[in-house]
Amino acid sequence: MAGRLLKPKRLSALLELASLASLGVSLLLAWTYALYRIGLSCPTWDSGLTVRAVVLPLGYEGALFWTALLLVPLATARKHHLLATPPLALALTLVFADPLPLALLSASLAILLGAKQALEALPAGVAAVELAVLAGLAARAYSLRFPLPPALPIHLALYCFLVPVTPALAFLACISPLLSPLASKSARLSAPVKGKHLLAAGLLASLLMWSIIYASALNPGAKLVGVDAVTRYYPHALKLLEGGLPSVLKVGYDRPLHYLLLYGLAKALGPYDAVRALALTPLLLYTAASYLLAKKLWGGRVAGLAAFAAPLTYTATAGLFGGLYGNWTALSVALLAYALLIEWLKGRGFYRLAAYFALMLAAVAIHVYVGAVVFATSALTLALAAAKRSCRKRALTALAVQLALAALGLQAAEHYFSTIGVRGPLSVALLMANLWLRRAAAVKVFSEGWWSDFCFAVYRYAPTAALDPTVWLLTATAIAVAGFKRLESFVLLPWMAVTALLAFTAPSTLIWRALYDFPYSIAEALGLAYLATVSAERFGERSAKLCVAALLLYKLSYALAFAVGLAS
């Protein structure tokens, strides 16, 4: 009997969801039509930088489909007296060869059904559109043949209007630590999906990103993808095989541990497949590390959001474009180190502190520059934590040991590297610092010339990789709500402060590298969880689920579309 009662409820819920999605897609079609009439275009990456006009995907069949979409919410809401309006709007559309009547009816219907339903319909519509986009991307990447609606223009319409202000959004994320003191004292976070499910989905998305860039339908010659993959790692893999194990330090003096991995892969797989495997390593490692750190900070559900966002954020898109496997892997290892540091600060045993130092050393050995940045951020994290009475003693202990180990380790490494005739980690760090200082002295920060360089870094390095506005908006939201005295703020605030300082003073060709230093997956997870919490409190649990689903599917579509374009 109970099973029989559940079926009508489930059917009713599915019909209501279909009604919301139909209304949402109708509103998105109207929005796309408005942008089309304005003449907006959107930069995308497809075998090179391409500017696509936002064109409404509408022919005779599309107009019929739009009409059918409008009939669904009217029928579900039992507005039977209005069922004639969509066919009338269709007739006017065909007469005037302009979908304005359908667009106006979509907006009118949203007003008629109420603001709450319209607010739920929009994310439901976004989710439906992105599912269609994902199906289209899969069909293109794997040579699948099935009829699909042309949903990509609607996907472009979701963010193209923000492209002109994307540098401002990135700047907002950089200065968001200034807003942290204004955050409320407590923030209850929730996420509508179980963390382990999203972790599995994140790992699957990581594999999917990697498989797409080497999919035979897109990349029939299986050419290496990524700037450094072609110009650095492949020729260096050949040198390593030629010179043997002793050449690891000479060829990869600024990232010896990463080159040891490259050497091992090249010996096992050959130089070409070694570089391909080198790309998969940070994709999977960054996803797992993001999950572990977020779990230590906020629990499993928020950690799942971090895991799913990890292969879809700026770290992944710019990382694949540039072949920044060393930077990316070092950042991933740093997140693992931070997870252990958080456990130490919460009162766990000394072996966590020892493992933290071991992983920090590994991060430096994988990529000296990223290691230096992480050393600075972790030192600030410990200094902030020392201000909190509950973990003051542990924070000061860790900070003192870290500074002592750094001094001794750098001195020993510099001496050893000098004996084999290559630069040591201290020399590399000082060289980079000198570049930054000369740039800071030559250019007035926040001047017109500085802003031009900053915009160039956002728009032109790995073109379109940084144009996903959710990266910057969710990051700014997360840091702003993290507060100034909570444990998560001790991680996010110093990291973004160092990132912003480096980005604002970097040579014009290295601004992108400074922006790349921040773990956006962690901040985006907090931003998504905060958004879900606010949505649940104000509009209900279903609204929160729809918002999170829409954002995650949008990010997945954006990242996979970038990967498809990169491989083509």
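One can find the structure itself at the top, above this paragraph.
Residues numbered from 1 in each chain as written. Predicted model: local features only at pLDDT ≥ 70, side-chain atom pairs only at ≥ 80, totals over all residues. Heavy atoms only, no water.

1. Focus on the overall build of the chain
Phase 1 of the analysis: Scanning the chain for helices and strands turns up 25 helices and two strands.
Phase 2 of the analysis: Relative to the compact-globule value of 24 Å for 568 residues, the chain shows a C-alpha radius of gyration of 25 Å, a close match.
Phase 3 of the analysis: Oriented by its inertia axes, the alpha-carbon framework of the chain measures out at about 85 × 60 × 55 Å.
Phase 4 of the analysis: With 568 residues in all, the chain has 55% of them scored as buried.
Phase 5 of the analysis: Summed over all atoms, the accessible surface of the chain reaches about 24200 Å², with 68% contributed by carbon and sulfur.
Phase 6 of the analysis: For the chain, the centre of its 45 positive side-chain charges and the centre of its 20 negative side-chain charges are spaced 9 Å apart. (Helix = DSSP H or I, 4+ residues; strand = E, 2+ residues; numbered from the N terminus. Rg over C-alpha atoms; globule rule 2.2 N^0.38 Å. Buried < 20%, exposed > 50% of the residue type's maximum accessible area, 1.4 Å probe, protein only. Areas by Shrake-Rupley, 256 points an atom, 1.4 Å probe, with all protein chains shown as cover. Lys, Arg positive; Asp, Glu negative; His and termini not counted. Charge placed at Lys NZ, Arg CZ, Asp CG, Glu CD.)

2. A closer look at helix α2 (residues 60-76)
Helical geometry note: an α-helix holds 3.6 residues per turn, so side chains three or four residues apart project in the same direction.
Phase 1 of the analysis: In a regular helix each residue adds 1.5 Å, so 17 residues correspond to 24 Å; α2 covers 25 Å between its end C-alpha atoms and thus fits that length.
Phase 2 of the analysis: Among the residues making up α2, those that are buried are Gly62, Ala63, Trp66, Thr67, Leu69, Leu70, Pro73 and Leu74. Seen end-on, α2 carries its buried residues on one side only, within an arc spanning 155°. Of the exposed residues in α2, those oriented more than 90 degrees away from the buried face are Tyr60 and Glu61. (Expected span 1.5 Å × (residues − 1). Arc of directions from axis to C-beta.)

3. Here we look at the packing of aromatic side chains
Phase 1 of the analysis: Counted by the stated rule, this structure contains 30 aromatic pairs.
Phase 2 of the analysis: When the centroid spacing of 4.2 Å and the interplanar angle of 10° are considered together, the rings of Tyr461 and Trp512 count as stacked. Of the two residues, Tyr461 sits in the loop between α20 (448-460) and α21 (469-481) while Trp512 sits in helix α23 (residues 511-515), which places them 51 residues apart along the sequence. The same class applies to Tyr461 as to Trp512, namely buried.
Phase 3 of the analysis: Members of the aromatic cluster, joined through ring pairs, are Phe171, Phe446, Trp450, Trp451, Phe454 and Phe504.
Phase 4 of the analysis: When the ring centre of Tyr214 is taken as reference, the NZ or CZ atom of Arg276 above it lies at 4.7 Å. (Phe/Tyr/Trp six-rings, centres within 6.5 Å; stacked < 30°, edge-to-face > 60°. Lys NZ or Arg CZ within 6 Å of the ring centre and 35° of its normal.)

4. Looking at the nonpolar core
Phase 1 of the analysis: Ranked by size, the top nonpolar core spans 197 residues in total, and within it Leu305, Tyr314, Leu345, Tyr356, Trp472, Trp495 and Leu515 carry the most contacts.
Phase 2 of the analysis: At 17 residues, helix α25 (residues 541-567) tops the list of elements feeding residues into this core.
Phase 3 of the analysis: Those residues in contact with Tyr314 that sit more than four places away from it in its chain are Gly319, Ala465, Ala466, Val471, Trp472, Trp512, Leu515, Tyr516 and Tyr520. (Core = buried A, V, L, I, M, F, W, Y, C linked by side-chain atoms within 4.5 Å. Contact = heavy atoms within 4.5 Å.)

5. Details of the packing of helix α15 (residues 325-345) against helix α17 (residues 368-386)
Phase 1 of the analysis: As a packed pair, α15 and α17 sit with axes 10 Å apart at the nearest point and diverge in direction by 20°. Classified by the angle between their axes, α15 and α17 sit roughly parallel to one another. Where α15 crosses over α17, the handedness of that crossing is right-handed. Counted together, Asn327, Ala330, Leu331, Ala334, Tyr338, Leu341 and Leu345 of α15 and Val370, Val374, Thr377, Ser378, Thr381, Leu382 and Ala385 of α17 form the full contact between these two elements.
Phase 2 of the analysis: Residues that form the contact of α15 with α17 fall into these classes: ten nonpolar, four polar and no charged. (Axes fitted to C-alpha atoms, helices over the stretch in contact; angles between N-to-C directions. Parallel < 35°, antiparallel > 145°, perpendicular 65-115°, else oblique. Left-handed = near helix turned anticlockwise from the far one by under 90°. Nonpolar A, V, L, I, M, F, W, Y, C, P; charged D, E, K, R; others polar.)

6. Concerning the environment of Ala339
Phase 1 of the analysis: Note that Ala339 resides in helix α15.
Phase 2 of the analysis: The residues touching Ala339, leaving out its near neighbours within four places in the chain, are Leu292, Leu293 and Lys296.

7. Examining the side chain of Thr32
Phase 1 of the analysis: As for its placement among the helices and strands, Thr32 is situated in helix α1 (residues 2-38).
Phase 2 of the analysis: Here Thr32 falls in the buried class, since its relative accessible area comes to 0%.
Phase 3 of the analysis: Setting aside its immediate chain neighbours within four residues, Thr32 contacts Val54, Val55, Leu56, Pro153, Ile154 and Ala157.

8. Structural notes on the packing of helix α14 (residues 314-322) against α25
Phase 1 of the analysis: Two numbers describe how α14 lies on α25: the axes approach to 10 Å, and their chain directions differ by 5°. Considering their axes alone, α14 and α25 lie roughly parallel with respect to each other. Taking contact as the criterion, the partners of Thr317, Leu320 and Phe321 in α14 are, on α25, Ala559, Phe562 and Leu566.
Phase 2 of the analysis: Split by residue class, the contact of α14 with α25 holds five nonpolar, one polar and no charged.

So, to be careful, I would describe these as geometric facts and stop short of saying anything about function.
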